[in-house]
2 protein chains.
Amino acid sequence: MDSATQVFCDRGYAASSMRDLSRATGTSLAGLYYYFESKERLLYEIQKHTFETILQRAQERLKGVAEPEERIRIFIRNHLEYFLANQKGMKVLSHEAGVLGPELGQGIHSIKRQYYQLCRELLDALKVSHWLKFSSRLAVLSLFGMMNWIYTWHNAKADADAEELATFMGDLFLHGLLSAGGNSLDVSPVRRYARPETSKLSEHPTRY
Amino acid sequence: MDSATQVFCDRGYAASSMRDLSRATGTSLAGLYYYFESKERLLYEIQKHTFETILQRAQERLKGVAEPEERIRIFIRNHLEYFLANQKGMKVLSHEAGVLGPELGQGIHSIKRQYYQLCRELLDALKVSHWLKFSSRLAVLSLFGMMNWIYTWHNAKADADAEELATFMGDLFLHGLLSAGGNSLDVSPVRRYARPETSKLSEHPTRY
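If you're wondering where the values come from, they're calculated on a predicted model, not measured in any experiment.

Asks: Would you mind showing me how to read the packing of helix H5 (residues 68-85) of chain A against helix H6 (residues 87-95) of chain A here?
Replies: Packed helix pairs are specified by the crossing angle of their axes together with the interaxial distance, meaning the distance between the axes. All names here are of chain A. At a minimum axis separation of 5 Å, H5 and H6 run at an interaxial angle of 105°. Taken as axis vectors, H5 and H6 run roughly perpendicular relative to one another. Taken together, the residues of H6 that come into contact with H5 (itself represented by Tyr82, Phe83, Leu84 and Ala85) are Gln87, Met90 and Ser94. Residue composition of the contact of H5 with H6, by class: 5 nonpolar, 2 polar and no charged.

Asks: Could you clarify how one ought to interpret unusual backbone geometry in this entry?
Replies: Leaving glycine aside, a negative phi is the common case for residues, and trans is the common case for peptide bonds. With phi around 60°, Glu37 of chain A is a residue other than glycine that occupies positive phi space. Looking at the secondary structure, you find Glu37 of chain A in the loop between helix H3 (29-36) and helix H4 (39-62). When its relative accessible area of 56% is taken as the criterion, Glu37 of chain A is described as exposed. Of note in the backbone geometry, Trp131 of chain B takes a positive phi value of approximately 50° without being a glycine. With respect to the element layout, Trp131 of chain B can be found in the loop between helix H7 (102-130) and helix H8 (136-148). Take Trp131 of chain B: its relative accessible area is 78%, and that puts it in the exposed class.

Asks: How do you make sense of the confidence of the model for chain A when you look at a structure like this?
Replies: When pLDDT drops low, the exact placement of atoms in the prediction is not to be read closely. Residue and element names in this part refer to chain A. When pLDDT is averaged across chain A, the result is 82; 86% of the residues are at 70 or more. A low-confidence stretch, residues 187-208 stays under pLDDT 50, and its non-local contacts, those more than four residues away or across chains, total 41 contacts. Confidence estimates for the predicted assembly give a pTM of 0.81 and an ipTM of 0.80.

Asks: Got a minute to help me understand the packing of aromatic side chains in this structure?
Replies: Each aromatic ring pair is specified by the distance between its two centres and by the angle formed by the two planes. With the rule as written, the count across this model stands at 9 aromatic pairs over all chains. Here the aromatic rings of Phe75 of chain B and Phe144 of chain B are separated by 6.1 Å at their centres, their planes lie at 50°, and the arrangement is tilted. Linking Phe75 of chain B in helix H5 (residues 68-85) with Phe144 of chain B in helix H8, this pair joins segments that are 69 residues apart in sequence. Residue classification places Phe144 of chain B among the buried residues on the basis of a relative accessible area of 2%. Directly above the ring of Phe134 of chain A sits Lys127 of chain A, whose terminal nitrogen or CZ lies 5.0 Å from the centroid.

Asks: Is there a simple way to explain the pattern of salt bridges in this structure?
Replies: Side chains that carry opposite charge are capable of pairing whenever their charged atoms lie near each other. All names here are of chain A. A complete count under the given rule lists 16 salt bridges over all chains for this structure. Between Asp171 and Arg73 there is a salt bridge; the shortest N-O distance is 2.7 Å. In this pair, Asp171 sits in helix H9 (residues 162-180) while Arg73 sits in helix H5, placing the two residues 98 residues apart along the sequence.

Asks: Even after reading the chapter, I still don't get the nonpolar core, so can you show me in this structure?
Replies: In summary, soluble globular proteins display a tendency toward joint burial of nonpolar side chains. Counting 129 residues, the largest nonpolar core has Phe173 of chain A together with Phe173 of chain B as the members making the most contacts within it. Not counting residues up to four positions away in its chain, the partners in contact with Phe173 of chain A are Ile72, Ile76, Leu123, Ala139, Leu143 and Met146 of chain A together with Leu172 of chain B.

Asks: Just to check I follow, could you spell out the environment of Tyr35 of chain B for this structure?
Replies: All names here are of chain B. For Tyr35, the position within the fold is in helix H3 (residues 29-36). For Tyr35, a relative accessible area of 62% translates into the label exposed. Residues Tyr35 and Ser129, spaced 94 residues apart in sequence, show a C-alpha to C-alpha distance of 49 Å.

Asks: Is there a simple way to explain the packing of H4 of chain A against helix H7 (residues 102-130) of chain A in this structure?
Replies: Residues and elements named next belong to chain A. As a packed pair, H4 and H7 sit with axes 10 Å apart at the nearest point and diverge in direction by 20°. Considered as vectors, H4 and H7 are oriented roughly parallel to each other. With respect to the hand of their crossing, H4 and H7 are arranged in left-handed fashion. For the pair formed by H4 and H7, the contact residues are Glu40, Arg41, Tyr44, Gln47, Lys48, Phe51, Glu52, Ile54, Leu55, Ala58, Gln59 and Leu62 on the first element and Leu104, Gly107, Ile108, Ile111, Lys112, Gln114, Tyr115, Leu118 and Leu122 on the second.

About the cut-offs
Residue numbers restart at each chain and count upward from 1, following the sequence in its written direction. Here every chain gets a letter starting at A, and every ligand a number starting at 1, in the order they are written. Local features in this predicted model are restricted to residues of pLDDT 70 or higher, and side-chain atom pairs are both shown and tallied only at a pLDDT of 80 or more, whereas totals for entire chains, interfaces and linings draw on every residue. Side-chain numbers here rest on the full set of heavy atoms in the structure, without hydrogens or water. Orientation is described by axes fitted as lines to C-alpha atoms, over the contacting stretch for helices, and by angles from 0 to 180 degrees between their N-to-C directions. A run of DSSP states H or I qualifies as a helix once it reaches four residues; a run of E qualifies as a strand once it reaches two. Both are numbered from the N-terminal end. Roughly parallel means an angle under 35 degrees; roughly antiparallel, over 145; roughly perpendicular, 65 to 115; everything else is oblique. We call two residues contacting when some pair of their heavy atoms lies within 4.5 Å. When residue character is reported, Ala, Val, Leu, Ile, Met, Phe, Trp, Tyr, Cys and Pro are called nonpolar, Asp, Glu, Lys and Arg charged, and the others, Gly included, polar. Throughout this description, buried means an accessible area under 20% of the type-specific maximum (1.4 Å probe, protein chains only), exposed means over 50%, and partly exposed covers the range between. A residue's pLDDT is simply how confident the predictor is in it, with values from 0 to 100. Side-chain rings of Phe, Tyr and Trp (the six-membered ring for Trp) are treated as a pair once their centres are within 6.5 Å; stacked means planes under 30 degrees apart, edge-to-face means over 60, and tilted covers the remaining angles. Criterion for a charge above a ring: Lys NZ or Arg CZ within 6 Å of the ring centre, and within 35 degrees of the ring normal. For this analysis, a salt bridge means a side-chain nitrogen from Lys or Arg found within 4 Å of a carboxyl oxygen belonging to Asp or Glu. Only buried residues count toward a nonpolar core. Its members are Ala, Val, Leu, Ile, Met, Phe, Trp, Tyr and Cys residues joined through side-chain atoms within 4.5 Å. Should the near helix be turned counterclockwise from the far one by less than a right angle, the crossing is left-handed, whereas a clockwise turn marks it as right-handed.

Rendered as structure tokens:
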């Protein structure tokens with residue numbers, strides 16, 4: 001699976017053939033078909049393994065931690081650590097997200113959904129504990145964007161490591177939510193029609 | 001170019017052939033080769049056009065605006081508006097970023113670099129005006145991640161529009177920087193002197 005990840009990452013999924021995968025993994029073509037039946041299945045197994053691992057680790061690390069901010073920081077640190085330690089796998093995951101057909105895609109979707117849901121619950125808890133109002137969906141997806149985008153730019157030799165990145169992004173994200181979430185981040189469906197003070201704040205942002 | 005963008009977006013660049021592109025654009029294969037010489041060239045033209053347009057619009061909108069926070073908000077709004085209005089093109093841009101060979105890739109890199117640099121200057125101005133300390137590189141790339149990731153999840157029928165997204169992300173980002181940037185976002189002051197970001201970038205010309 002590591003070798004296959006490497007191939008998908010270097011050549012892209014669409015351009016990789018079972019023959020390439022056979023060569024890279026040192027498995028006969030027949031053997032490869034026997035175990036994985038198709039390259040789609042292989043991609044599925046890689047994605048499944050990655051999501052299950054990152055989800056499981058997050059859940060373990062969150063055990064016994066009650067403070068909402070700290071829980072979000074743990075989630076971010078776990079994601080970035082795993083991401084950077086498995087950069088090729090994460091690139092394949094991010095890049096080939098929509099490639100699987102409906103059946104296998106459904107399997108991945110449900111694990112992904114659990115992971116998304118975990119992050120959402122952490123944010124909902126923050127909202128309750130700090131009396132904040134913001135769209136959890138937008139916040140989760142903004143956070144994922146910030147974190148996942150690193151596959152396009154992170155250079156292990158020159159850039160900050162996982163811990164520093166987690167501190168930076170955790171600070172940016174949490175301070176952003178805590179400081180803005182009391183008012184302006186509220187883009188709830190009701191407000192989306194009326195759109196009152198949000199625009200005022202965007203024209204004259206609060207100074208600190 | 002619109003039809004070609006559609007094909008690259010739906011099938012992926014690697015899986016698209018000049019024959020597919022010929023069919024989708026209603027141009028003969030010979031005609032397509034005459035104007036674009038290769039599908040790589042076509043991808044290059046799409047990327048070039050997209051980056052030039054978004055950069056030019058940002059520069060125009062920034063004219064005459066002096067306030068650093070407002071300038072960052074304009075940049076964010078411009079990016080998201082263009083992104084959502086040209087979602088297919090932006091997907092191709094985000095997704096096929098590393099596909100071009102060295103020569104054409106260099107051309108895109110230099111426009112991309114200008115766009116990155118513009119955003120970086122906006123952040124540097126914010127740092128000066130608010131006495132903040134944070135890594136401009138990390139901030140720019142976190143912002144791009146937040147914004148560009150929407151190509152993976154945004155549903156025009158159900159999700160917030162560009163203006164609302166810009167308000168949300170602008171608030172999150174600016175409040176985050178303003179509130180955290182006075183202290184905790186300063187991840188590695190030592191590193192910043194030891195390894196200036198400019199040289200980091202010049203060592204890796206294909207990244208921004």
